[in-house]
Amino acid sequence: MAGPISLPLYEKLPQKNTVQRVLDVTIFVLLLTLLAYRILSLKSNGFSWFFALLCESWFTFVWVVILSSKWNPVVYRTYPERLLFWIDELPPVDMFVTTADPTLEPPIITVNTVLSLLAFDYPANKLACYVSDDGCSPLTFYALLEASKFAKLWVPFCKKYGIHTRAPFRYFYDEEESPHDNSTEFIREYTKMKDEYEVLRRKIEDATEKSIPCDLSSEEFVAFSDIERRNHPSIIKVILENKEGLVDGLPHLIYVSREKCPKYPHHYKAGALNVLTRVSGAMTNAPFILNVDCDMYANNSQIVFHAMCLLLGCKKGQDFAFAQSPQIFYDGLKDDPLGNQLVATQKYIGEGISGLQGPYYSGTGCFHRRKVLYGLWPDGCMETGGRSPNCVAGKLTDEGLRQSFGHSREFSKTVERILSGLSGKADCPYDLSSSAEAANQVADCGYECGTSWGTKIGWIYGSTSEDVLTGLKIHARGWRSAECKPDPPAFLGCAPSGGPASLTQQKRWVTGLLEILFSKNNPFIATLTAKLQFRQCLAYMYILSWGLRWIPELCYIALPAYCIIANSHFLPKVEEPAFLILAALFAIYNLHSLLEYCRIGLSIRTWWNNQRMGRIITMTAWFFGFLNVILKLLGLFEAVFEVTQKNQSSASGDDNHKDAGRFTFNESPIFVPATTLVLVHLVAMVKALLNLTHGRHESRIGEVICNVWVLLCFLPFLKGLFKKGKYGIPSSTICKSAALAAVFVHLCERVSIA
Ligand SMILES: O=c1ccn([C@@H]2O[C@H](COP(=O)(O)OP(=O)(O)O[C@H]3O[C@H](CO)[C@@H](O)[C@H](O)[C@H]3O)[C@@H](O)[C@H]2O)c(=O)[nH]1
Ligand SMILES: [Mn+2]
């Protein structure tokens, strides 16, 4: 972009991290020393020694991955005010919201997200909001219809008074966000707005309680009558249309429920987003796309400007493929008891990867370049058919277009514009109805057959972590990405509450991540055969290896119990100098990670909760994610996308938070491995105490410390053994675990006799 003043739109600021680097390297050196010591003393020790060596080698590998990923942290500072010079030239943005289930994802949440997007500080004639409803629910449609009426009051109100939080449920119920203006005019409008929102909320609530939310025979809803959720034609409805192209009007709002048919796989969220990509292509065809989950409302009304600074501000040829905002959660429980707020991880790993090829795509809160989603390489070549048979000097032939993008002529024309670098439609389409037919056609469930959608174009299929996979494919083509982290935070979402929900989410992630690791999209292959940088590959390994980490961790956690019961050892004796290596490792590692938490203002409790949940999640969710993938590889299981229950507490204004954050259990087998470990360690502890009273305190101190540490980490399980109801482990789980524990203890004793 050329402008009156050529000030940069963003700055890349490397972060200082000397202390962190020194500690990271110290830990690495200690790990190497430990490995060397193990190898040298292998002969004179038993097989537990060898097992420990294997585990510690893995830990060292993980440490290298972490070290490399965190080494060069970078943040980008954006200057949105500098874009104001070009306000008329700013590109349009299509905004996607996905929702899938009106019970797990209450429509009032989706409505709030949509309202926050419609109220962006960005020329309204350059915005269009597409809502994908995989639930095909008249309730969701009704909620959006009502919300669009409310939006006509809400958006002007927000813009007039410069309201910060533009999701009404947060604005009206957040203490800090109460009226900031004392004029009688403002107070009057504020009260009116609050009442209007209350009416909207009631209407949606009432509709939710009825079995049929609205009169399905009325013209607007007739499309929803007599349909099945998994078997219905597509429904596309323009709810709001900015026909005059008013800068300060309301953006377009379009409801899309793609065609579903049991015969065709629908590919969950990735499938939904690909349909939105095509429908929006046919209708508004903006060169940039923002996608958010239904529970991620926009918390910074300037975010489009911030993102555009990153996406427009690069020198030619160094463009970012996408600008990702970190996932931050509202109403997070104090001290992160479930370890799912990921603040520290996102800070250190996030900023670290920003210094490499750029952050992972994390599925929501991300601005994409449409042409990148269409498979373009940074050098202008296409991803289709090898790298270029159909690509004549950077342009696809008509035949190539049809093969890759599907048979719709109208849609192909819009693709051509995007790929040739023209922005958007030729004549800004203020009349969406003219493209209705094409939009319907590209939302058909058979449309993708034989095309490159989901393999080379759009969101990539084959993993329940479609986000990481899609981002990986983009990085593999050599694109870079940027982290967009303005203040206040760009988007806020809700994290699952309760043990089981949180673990189900983690299990789905890990299943998806392993699906990537065990496929041809593995990052090492991408480094060897495409343009994924080596350290970016390691950074991907950081998350892709989550699902493997339970193997060495399980062994390492079992070792101290085994050693105590079988009278063996896997650690050097206290009086041996080598014990110091382990003691130092343990102390420095924990202090270092504690320091990392404190440095960004997190509490010691948060640190401990995260350490503890780290162990628990590995032994439960990641373990089962791994099993899922093995079953899938054996063809015995198909991974499904289990939608996370969204919490409605702040949407409805009640505050039922007393016991939130206490770990809860259910009948799921996911709790068996951790329960077994706890039982085994209890036996070990008793054995250790008995040894002590018999005066046999041989130097097993190291093993005993480990034993206590493990029990501390799994304290929620230890307590769960003695509690009833959802805070207690179900007795069936305890029985299964006890049986497994008995087998283990028996085996240990057999070994010790032999
Ligand atoms: O068939 C489906 C299933 C899900 N979704 C949508 O996908 C989004 C994410 O689902 P959610 O249950 O909230 O999953 P989370 O675990 O919270 O999502 C995280 O992990 C996902 C990958 O597993 C990413 O896609 C998300 O962006 C990321 O926030 C929601 O908007 C859903 O409505 C669909 O549109 N269709
Ligand atoms: Mn979510």
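Residues numbered from 1 in each chain as written. Chains lettered and ligands numbered in written order. Predicted model: local features only at pLDDT ≥ 70, side-chain atom pairs only at ≥ 80, totals over all residues. Heavy atoms only, no water.

*Asks:* Looking at this structure, I do not really get the UniProt feature "transmembrane region" (unreviewed entry) in the chain. What am I missing?
*Replies:* Listed under "transmembrane region" (unreviewed entry) in the UniProt record, and renumbered for this structure, are residues 21-40, 46-67, 577-595, 616-637, 670-692 and 704-722. Structurally, residues 46-67 comprises 95% helix and 0% strand, and the distance from its first C-alpha atom to its last is 32 Å. (UniProt positions renumbered as here; feature names shortened; annotations may be inferred. Helix = DSSP H or I, 4+ residues; strand = E, 2+ residues; numbered from the N terminus.)

*Asks:* How do you make sense of empty space enclosed by the protein when you look at a structure like this?
*Replies:* Any empty space left between atoms is shown by rolling a water-sized probe over those atoms. Using the criterion set out here, one finds three cavities of 30 Å³ or more in the structure. Lining the second largest cavity, in full, are Val-372, Leu-373, Lys-456, Ile-457, Gly-458, Ile-460, Thr-470, Lys-473, Ile-474 and Arg-477. The set of elements that each furnish at least two residues to the lining of the second largest cavity consists of helix 10 (370-373) and helix 14 (466-476). When residues of the lining of the second largest cavity are assigned to their parent elements, the largest contribution, three residues, is made by helix 14. Looking at the lining of the second largest cavity residue by residue, the classes come out as five nonpolar, two polar and three charged. (1 Å grid on protein atoms, 1.4 Å probe; cavity = no way out; pocket = protein on both sides within 12 Å on 5 of 7 lines; lining within 4 Å. Points joined across faces, edges and corners; volume = space filled by probe spheres on them. Nonpolar A, V, L, I, M, F, W, Y, C, P; charged D, E, K, R; others polar.)

*Asks:* Is there a simple way to think about the packing of helix 2 (residues 47-70) against helix 18 (residues 550-566) in this case?
*Replies:* If you want to describe how two helices pack, look at the angle between their axes and the distance between the axes. Put simply, helix 2 and helix 18 touch, their axes get as near as 9 Å, and they point 150° apart. In terms of orientation, helix 2 lies roughly antiparallel with respect to helix 18. Crossing handedness for the pair helix 2 and helix 18: left-handed. Residue-level inspection shows Phe-47, Ser-48, Phe-51, Ala-52, Cys-55, Glu-56, Trp-58 and Phe-59 of helix 2 in contact with helix 18, the latter providing Pro-552, Glu-553, Cys-555, Tyr-556, Leu-559, Tyr-562 and Cys-563. (Axes fitted to C-alpha atoms, helices over the stretch in contact; angles between N-to-C directions. Parallel < 35°, antiparallel > 145°, perpendicular 65-115°, else oblique. Left-handed = near helix turned anticlockwise from the far one by under 90°. Contact = heavy atoms within 4.5 Å.)

*Asks:* Help me understand unusual backbone geometry in this model?
*Replies:* Trans peptide bonds make up most of the peptide bonds, and negative phi angles are found at most residues other than glycine. Cis geometry is adopted by the peptide bond preceding Pro-488, which originates at Asp-487 and carries an omega value of -5°. Checked against the element boundaries, Pro-488 lands in the loop between strand 14 (480-483) and strand 15 (491-493). Even without glycine at this site, Asp-335 takes up a positive phi of about 60°.

*Asks:* Would you take a moment to explain the pairing of strand 4 (residues 127-133) for this structure?
*Replies:* Most of strand 4 is tucked away, with seven of its seven residues classed as buried. The alternating pattern of strand 4 places Leu-127, Cys-129, Val-131 and Asp-133 and Ala-128, Tyr-130 and Ser-132 on opposite faces, both of which are buried. Pairing analysis gives seven bridges linking strand 3 (residues 93-99) to strand 4, with the strands arranged parallel. Residue pairing across strands places Asp-94 opposite Ala-128, the latter belonging to strand 4. Handedness of the crossover joining strand 3 and strand 4 through helix 3 (residues 107-118): right-handed. (Buried < 20%, exposed > 50% of the residue type's maximum accessible area, 1.4 Å probe, protein only. Pairing = 2+ DSSP bridges. Right-handed = clockwise from strand over helix to strand, strands pointing away.)

*Asks:* Which parts of the structure should I look at to understand the site of ligand 1?
*Replies:* The local shell around ligand 1 holds 23 residues, among which Asp-134, Lys-269, Glu-466, Thr-644 and Lys-646 are the closest. At 2.7 Å, a side-chain N or O of Lys-269 approaches an oxygen atom of ligand 1. Those elements giving two or more residues to the shell around ligand 1 turn out to be strand 3, helix 7 (268-283), helix 14 and helix 15 (499-517). The element best represented in the shell around ligand 1 is helix 15, accounting for three residues. Of the residues in the shell around ligand 1, the class split is six nonpolar, nine polar and eight charged. (Near = heavy atom within 4 Å. Polar contact = N/O pair within 3.5 Å; in protein donor to acceptor, adjacent residues only side chain to side chain.)

*Asks:* Is there a simple way to explain helix 11 (residues 398-405) in this structure?
*Replies:* Those residues of helix 11 not exposed but buried are Gly-400, Leu-401, Ser-404 and Phe-405. In an axial view of helix 11, the angular spread of the buried residues amounts to 100°, which keeps them on one side of the axis. Following helix 11 by one or two positions, Gly-406 adopts a phi angle in the positive range, close to 100°. (Arc of directions from axis to C-beta.)

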